[in-house]
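Per-entry structural report
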Amino acid sequence: MPGLLRGVARTAVVAGTATAVSNRVARRQANRWAAQAQPQDPGAYDAPPAPAPSPTTTDVIQALTQLGELHASGVLTDEEFAAQKAKLLG
């Protein structure tokens, strides 16, 4: 009986090892195929980014008000104020 048990155990170990190796080889090969299937330039197939939402009138008015306050307090010079105002308006 011990010889039979030893033979069954050996068969189980060999079969388990063979299955593990086979699965590992299959997984490696699948990863290689997947890597080859990916495009060379990953950004080539991406959709273009959505445009930034345009500011609402309320947002522009609030920003102009803040700019006016900064200009009145002396934080912004006349040139800086004009540049930022032009940037907001257009």
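Our structure's up above, just so we're on the same page.
Structural notes, computed from the coordinates. (Residues numbered from 1 in each chain as written. Predicted model: local features only at pLDDT ≥ 70, side-chain atom pairs only at ≥ 80, totals over all residues. Heavy atoms only, no water.)

**Re the overall build of the protein**
We apply this condition: Numbering goes from the N terminus for both helices and strands, where a helix is a DSSP run of H or I of at least four residues and a strand is a run of E of at least two. Using a 1.4 Å probe on the protein chains alone, a residue whose accessible area is under 20% of its type maximum counts as buried, one over 50% counts as exposed, and one in between counts as partly exposed. Only the protein chains shown count as covering a residue, and every accessible area follows the Shrake-Rupley method with a 1.4 Å probe.
Counting secondary structure elements, the protein contains 3 helices and 0 strands. Secondary structure of the protein in N-to-C order comes out as α-α-α. Counting across all 90 residues of the protein, residues that qualify as buried make up 4%. Accessible area of the protein: about 7900 Å², with a carbon and sulfur share of 61%.

**Digging into a positive patch on the surface**
Here is the rule: Patch definition: residues with relative accessible area over 30% and no salt bridge; like charges joined within 9 Å; nonpolar side chains (Val, Leu, Ile, Met, Phe, Trp, Tyr) joined within 5 Å. For this analysis, a salt bridge means a side-chain nitrogen from Lys or Arg found within 4 Å of a carboxyl oxygen belonging to Asp or Glu. The sign given to each residue is positive for Lys and Arg and negative for Asp and Glu; His and the chain ends receive no count. For the purpose of locating charges, the reference atoms are NZ of Lys, CZ of Arg, CG of Asp and CD of Glu.
Taken together, Arg24, Arg27, Arg28 and Arg32 make up a surface patch of like positive charges. Note that Arg27 resides in helix α1 (residues 2-37). Among the residues examined, Arg27 registers a relative accessible area of 53% and is labelled exposed.

**Examining the packing of helix α2 (residues 57-73) against helix α3 (residues 78-89)**
Applicable threshold: A fitted line through C-alpha atoms represents every axis, and for helices the fit uses only the stretch in contact; the resulting angles, taken between N-to-C directions, go from 0 to 180 degrees. Each angle receives one of four descriptions, namely roughly parallel if under 35 degrees, roughly antiparallel if over 145, roughly perpendicular if within 65 to 115, and oblique otherwise. Any two residues whose heavy atoms approach within 4.5 Å are treated as being in contact. Nonpolar residues are Ala, Val, Leu, Ile, Met, Phe, Trp, Tyr, Cys and Pro. Charged residues are Asp, Glu, Lys and Arg, and all others, Gly as well, are polar.
Two elements in contact, α2 and α3, have axes separated by 10 Å at closest approach and are oriented at 180°. One way to sum up the angle between α2 and α3 is to call them roughly antiparallel. Contacts between α2 and α3 pair Val60, Ala63, Leu64, Leu67, Gly68 and His71 from the former with Asp78, Phe81, Gln84, Lys85, Leu88 and Leu89 from the latter. When the residues that make up the contact of α2 with α3 are grouped by side-chain class, the tally is 7 nonpolar, 3 polar and 2 charged.

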